[in-house]
Amino acid sequence: MGSITKAAEEERAAAVAEGEEEWSDEAVVYVNGVRRVLPDGLAHLTLLQYLRDIGLRGTKLGCGEGGCGACTVMVSCYDRTTKKSQHFAINACLAPLYSVEGMHIITVEGLGDRQRGLHPVQESLANAHGSQCGFCTPGFVMSMYALLRSSKQPPTEDQIEDSLAGNLCRCTGYRPIIDAFRVFAKTDNSVYTNSSSENTNGQAICPSTGKPCSCRNEADVNANESSLSLPVKRYSPCSYNEIDGNAYDERELIFPPELQLRKVAPLKLNGFDGIRWYRPLKLKQVLNLKSCYPDAKLVIGNSEVGVETKFKNAQYKVMISVTHVPELNILEAKEDGIQIGSSVRLAQLQNFLKRVIVERESHETSSCQAIVRQLKWFAGTQIRNVASVGGNICTASPISDLNPLWIATGARFQIIDVRGNVRTTLAKDFFLGYRKVDIKPDEILLSVILPWTRPLEYVKEFKQAHRREDDIALVNAGMRVYLREAEGNQIISDVSIVYGGVAVVPLRAPKTESFLTGKKWGSGLLNDAFDLLKEDIPLSENAPGGMIEFRRSLTLSFFFKFFLSVTHEMNIKGLLKDGLHGTHLSAVQSYSRPVTVATQGYEMVRQGTSVGQPMVHMSAMLQVTGEAEYTDDTPTPPNTLHAALVLSKKAHARILSIDDSLAKSSPGFAGLFLSKDVPGANHTGPIIHDEEVFASEVVTCVGQIIGIVVADTHDNAKNAANKVHIEYSELPAVLSIEEAVKVGSFHPNTKKCLVKGDVEKCFLLGACDRVISGEVRVGGQEHFYMEPQGTLVWPVDSGNEIHMVSSTQAPQKHQKYVANVLGLPLSKVVCKTKRIGGGFGGKETRAAIYAAAVAVPSYCLRRPVKLILDRDIDMVTSGQRHSFLGKYKVGFTNDGKILAVDLEIYNNGGNSLDLSLAVLERAMLHSDNVYDISNIRVSGQVCFTNFPSNTAFRGFGGPQGMLIVENWIHHMATELQRSPEEIKELNFHDDGVVLHYGQLLKNCRIGSVWNELKASCNFMEARKAISCFNANNRWRKRGIAMVPTKFGISFTAKFMNQAGALVQVYTDGTVLVTHGGVEMGQGLHTKVAQVAATSFNIPLSSVFISETSTDKVPNASPTAASASSDLYGAAVLDACQQIKARMEPIASRGTHNSFAELAQACYMERVDLSAHGFYATPDIGFDWTTGKGSPFHYFTYGAAFAEVEIDTLTGDFHTRTADVVMDLGFSINPAIDIGQIEGAFIQGLGWVAMEELKWGDDNHKWIRPGHLFTSGPGSYKIPSVNDIPLNFKVSLLKGVPNPKVIHSSKAVGEPPFFLGSAVLFAIKDAIFAARAEEGYSDWFPLDNPATPERIRMACVDSITKKFADVYYRPKLSV
Ligand SMILES: Cc1cc2nc3c(=O)[nH]c(=O)nc-3n(C[C@H](O)[C@H](O)[C@H](O)COP(=O)(O)OP(=O)(O)OC[C@H]3O[C@@H](n4cnc5c(N)ncnc54)[C@H](O)[C@@H]3O)c2cc1C
Ligand code: FES
Ligand code: FES
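Residues numbered from 1 in each chain as written. Chains lettered and ligands numbered in written order. Predicted model: local features only at pLDDT ≥ 70, side-chain atom pairs only at ≥ 80, totals over all residues. Heavy atoms only, no water.

Inclusion rule: UniProt positions are given in the numbering used here, feature names are shortened, and annotations may be inferred rather than shown by experiment.
An unreviewed UniProt entry lists the protein chain under the name xanthine dehydrogenase, from Eragrostis curvula. Recorded in UniProt under Subunit (unreviewed entry), the annotation for the protein chain is "Homodimer." As its UniProt record puts it under Subcellular location (unreviewed entry), the protein chain is described as follows: "Peroxisome".

This is the structure:
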């Protein structure tokens, strides 16, 4: 009865709210040219959910928070005023479905496919090797497509790079993507041709990129064909039309005529759980709705509201989309300033202001210029295309980039109430508290008036974030000064200094402002102003966001920059006599990124039809068209349930009770499964079974799985899981390595030691001229594969068998875990993996626990169950790269020769052992990097901490081990006042050396690699050039570094170095290969297929690899340790050779004209055309009890050079140059190998300089204990397209076959990762230069990642000294 009354009341209220208007519920969109009527009832859906539900699964879900771009689609709408269409890229994951009503949505499927043919954007990306795992690929295609269609002229290369800032790729390192797209840029066409492979200067044109490069110049050692496989292509637009934009293809989808003619109607639609969605067309309608629904949520871009509803469990019953209300979309230059309607999109504002800046007097537009500059760093293109001015203001986020500027510029906000009364308030009075503004429930923001600036009025903007592009600010600011001239002096009439990111509201600096007012502009003001700013902008020790010393330093740095910029501007105008000293100009130059230049050098050593050639990734065509299927795209069987995990919220606690009563009554709920429901064994683990699938009594980390809820939809499962209430009794938690070492919290039996020579004796005998000691903290890293963890499990024959499709690097682990948890034999459990959207080690073992958890409800309910993790759940639960702590004592001679190294290393294992011991062991084995050390002792132990279990990650401990080495080498060099590069060269090891674990070093190539690099980067010249730059620039410094690497190839567990393959030849001459390795973007299937093609002497197109499956090739090792091409290539070759041997008698008759005819003839003669191949790596083995043996089959060598530039006042940096040389033997596929090097280098750059994991620990008290703060792309920043080196050169050492491996190649996946550390040491070199200015030349630690915080605080100056001492070391979770 009660609910009937409530419903009736709601209806009555709605009737009043809707007034006399005719609201329509007919929602029409076009998707890829097809008209679709959107049913009512879907107001809770995003555009992405809808697209995927209707089968358009090319658009991917990578994060759901607008941070990765995997969901990018193009939206076109018709502007009735200008009679033009607008085309823009948006994130479908944040767009409410009904927000695109009346628009045309083009997804990747709308461009082209294999049947219809590829669109030029798709074709170019595929041919340029721009797609590895392919998960990000449709998003990139759509961003580029939207740019092309929306521009009248071909875009510039700058515009192309800018437009990709909202798209992340974790595999490629972006270079091939940029190259693929730059062929669409407006540039000098004469260097490009459609057929020739040389430009007018006789320079070779790269087949991949269409740009001059060296690849064709190299010796084509075995070339038996004259040209490379790929055509060189430039694309230019065919036609432009105001309605349809640029058409690049005659099959381009046009803007649907119906949408031009269609009358736009006000909309009223509904959604799940009583949600109402209104799209009024008049301000009156908005006000009427608002008067009836004071709690209604206004929505424009939904970039805040979408995040609140998805991640903060906010629920809004009435949503009013105000995108179509003319009064809220005003954008007009008026006499007293610019009127900006609150619904104006940021991209619109940006374009408008750019026009205004050109049209008006420059003194009038100082504010406009500051806003345009700030908007450049505001989010990515997709967000700016939808996010509104009003949305940003009314959200009142403490880190809003615009709010400090509105205040500083004296902007006024016009507010209208539901009766139509308009009031005006100054921006400075508008922000009242945390996300609280001066708007009553019956009011909305109408518009903003931005006043023109006057002569002698200067406005500047500031922002420092972790990542320059598409990141929210750590601290930002808006500053304005208005001067008047009096007796030849410039007197401050009025000044505004406003900071964001330092308090719950934008904070003014009142004392500083009043001190400055009336004073003469001059550097004499600075010191007092600094002192007052320090008082004005306090930050308490545990303020949210942390980094107190840094953020406070930034507030002063920004003011200093402001002061210098204004001084400089006045000086240019001749208003000030004393300008800036030349070296101080470096504080005012803003960063602007030139176009990326990249070259790749390699030789092609052709072997047969395919090996040695830069073949395109076999799935590239499917990936660029969105046809490639990943786990979440697999069609689900009927009756499938969706799962969500119930996770621990405590780092260490006893579970007291689990209450599922609310969950049970949640819509769609089908069951909750806990440890007691496990049919088989609840304990599991890859090596020892020390972890529970479902925590039974005690939880040992936040994010540990306690249970799994299944329901009819993903959202319902999540809602129900959130309603499971758990009571805990907390226990003490260990939350860092240091704490673990202090209390002796280690995983059992993990203490290890490796010894060579006698360290003690060497120290005791006093042979060392000098002895240094220190500590290296090595930060962890999130895998951030673009495809989140996921699995679909279904029972066969009512659970007699279990099958699954999983995103995993180790299908066999899934098979084992699932069999174990269900108590089934391995023979009844099958795991298949077609491809995965990146793994990097994160899907080696940790993925299997999800499959085990999902298998329980699937088995018990006899129904298929699917689990796809949300990005935050993935990051919180699945473990990361291990952080390490290294303690060293190093003895050496005055000449720089290393004599003794005593090393203790610890890694943070988390709450289960997983692979942590093997990771530690590899770190210990790499604790010499490339150096000859006669006396060395490395001891190590795995710490038990109350964090999710850390796991494999590209390099598997090797990079951490080598980073510790490079740190103490740098310490040595500083001690000796010599360059680190000299010390390295002095100590390189060579053939014949016995390494500290007993392996004899053979075929050592470090010398060749190093010398080649040194010549290539012109190291000596580079050193001179940066010294000159540094002498002339006080606030910007450049640094360089060269770093070598030697990476051991093989699993260190001997038994894992085996591989199986199944090769089947069909009677049409095509070959199906199945092997135990997983394709995760690294091109394994392509390389293995090349081996098969060459073996049978057939084209690559005749070989196919469909999937990896445990029922085809049993007992496979995980695809890891870089060795998969070696192992599976050899196993496939073995199978091919068996088949060839069987074919030989028939082949020798010479009666066949093709392989197909031969296969048919063999079939007729009853020859078995299927073979199982096998390979086991020879001559390896290691005994940890003696610490001696030969764990590695061989080593891959490389070296990298980097040059960086830092802004010493803010800690901002960019990499100017990276040059990488690697020894990869005779590469099986140089294009794929170069792609691996570039991708690994950029991932390594992320690890050392950008990606910081922040955990709730002693160092981060503002985060709840044991919780991960950086749990999504919003807070965890991997490199984006604009973080790659401006000059990126990669080359492979030539003429160096590797006798140990198939086709003389070498493994590549992991070895280049460590080379990214050249950027860290180049940053350190630059910091040395900055410190030298202040008289500090001693050694200092620089932990990774060298984020702006670490860079700024290490560049000690009078500002930092106000907040921290000279030896301050910023906090790091290790
Ligand atoms: C990936 C990503 C990156 C981002 N990067 C940045 C960044 O670099 N800098 C930055 O400052 N912000 C950033 N943001 C935050 C966000 O994009 C901006 O705040 C944006 O401007 C919000 O606009 P919107 O139209 O999407 O707001 P919506 O989500 O549609 O609305 C936001 C709020 O404003 C209210 N509102 C909107 N209009 C009115 C009105 N007329 N009257 C009263 N209330 C109103 C809504 O009711 C709602 O509460 C980012 C967000 C994401 C998801
Ligand atoms: S899925 Fe939409 S931006 Fe990541
Ligand atoms: S290819 Fe870009 S994420 Fe894998």
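1. Focus: the side chain of Asp249
Operational definition: Under the scheme used here, helices are H or I runs from DSSP no shorter than 4 residues and strands are E runs no shorter than 2 residues, and both carry numbers assigned from the N terminus. Exposure classes here rest on a 1.4 Å probe applied to the protein chains alone. A residue is buried below 20% of its type maximum, exposed above 50%, and partly exposed in between. Pairing of N or O atoms within 3.5 Å defines a polar contact, subject to two protein rules: one partner must be a possible hydrogen donor and the other a possible acceptor, and residues neighboring in sequence count only if both atoms are side-chain atoms. Two residues qualify as a contact provided that any one of their heavy atoms is within 4.5 Å of a heavy atom in the partner residue.
Mapped onto the secondary structure, Asp249 falls in the loop between strand 7 (245-247) and helix 7 (257-261). Residue Asp249 is classed as buried on the basis of its relative accessible area, which comes to 6%. Within the structure, Asp249 has its side chain in polar contact with the backbone nitrogen of Arg251 (distance 2.8 Å). Once you skip the residues sitting within four places of it in the chain, Asp249 turns out to touch Leu118, His119, Pro120 and Cys238.

2. Some remarks on the pattern of salt bridges
Cut-off, in case you're wondering: Put simply, a salt bridge is a Lys or Arg side-chain nitrogen that is within 4 Å of an Asp or Glu carboxyl oxygen.
This model, assessed by the stated rule, comprises 77 salt bridges. Of the charged contacts in the structure, one is a salt bridge between Glu1205 and Arg1036, with a shortest N-O distance of 3.0 Å. Note that Glu1205 is positioned in strand 49 (residues 1194-1207) and Arg1036 in strand 41 (residues 1036-1049), a separation of 169 residues in sequence. One exposure class covers both Glu1205 and Arg1036, and it is buried.

3. Here's the deal with the sheet that holds strand 49
Applied cut-off: Here a strand pair is declared whenever DSSP counts at least two bridges between the two strands. Axes here refer to lines fitted to C-alpha atoms; in helices the fit is confined to the stretch in contact. Angles between the N-to-C directions go from 0 to 180 degrees.
Ordered in space as 23-51-50-49-41, the 5 strands form an open sheet in which the pairing is mixed. Two strands close off the open sheet at either side, each with one partner strand: strand 23 (597-601) and strand 41. Looking at each pair of strands side by side, their axes are set apart by 10 degrees on average, direction ignored. Pairing analysis gives 6 bridges linking strand 50 (residues 1213-1223) to strand 51 (residues 1287-1292), with the strands arranged parallel. By the bridge assignment for strand 51, Asp1219 is matched with Lys1289. Contacts from helix 35 (residues 1317-1333) reach strand 41, strand 49 and strand 50 within the one sheet, and its direction differs from that of strand 41 by about 150 degrees.

4. Focus on the nonpolar core
Where a protein is soluble and globular, its nonpolar side chains tend to be buried together. So the rule is basically this: By nonpolar core is meant a set of buried Ala, Val, Leu, Ile, Met, Phe, Trp, Tyr and Cys residues that side-chain atoms within 4.5 Å join together.
Counting 228 residues, the largest nonpolar core has Phe181, Trp968, Phe1241, Val1319 and Ile1323 as its most contacted members. Beyond its immediate stretch of four places on either side in the chain, Trp968 contacts Ile772, Tyr888, Val890, Ile898, Val901, Leu903 and Ile933. Among the nonpolar cores identified, the runner-up in size contains 75 residues, and Ala27, Leu94, Val344 and Ile393 belong to it.

5. Digging into the site of ligand 1
Here is the rule we go by: If even one non-hydrogen atom of a residue comes within 4 Å of a molecule or strand, that residue is called near it. Note that accessible areas follow from Shrake-Rupley with a 1.4 Å probe, and for residues the cover is restricted to the protein chains shown. Nonpolar residues are Ala, Val, Leu, Ile, Met, Phe, Trp, Tyr, Cys and Pro. Charged residues are Asp, Glu, Lys and Arg, and all others, Gly as well, are polar.
Of all residues adjacent to ligand 1, which total 32 residues, the nearest are Lys297, Leu298, Ile300, Ser303 and Ser388. In this structure, Ser303 approaches ligand 1 through a side-chain N or O atom, which is 2.6 Å from an oxygen atom. Within the complex, the protein chains bury 92% of what would otherwise be the 990 Å² of accessible surface of ligand 1. Where the shell around ligand 1 is concerned, the elements lending two or more residues are strand 10 (297-299), helix 13 (389-395) and strand 18 (443-450). Ranked by residue count, the leading element in the shell around ligand 1 is helix 13, at 5 residues. Looking at side-chain class alone, the shell around ligand 1 contains 15 nonpolar, 11 polar and 6 charged residues.

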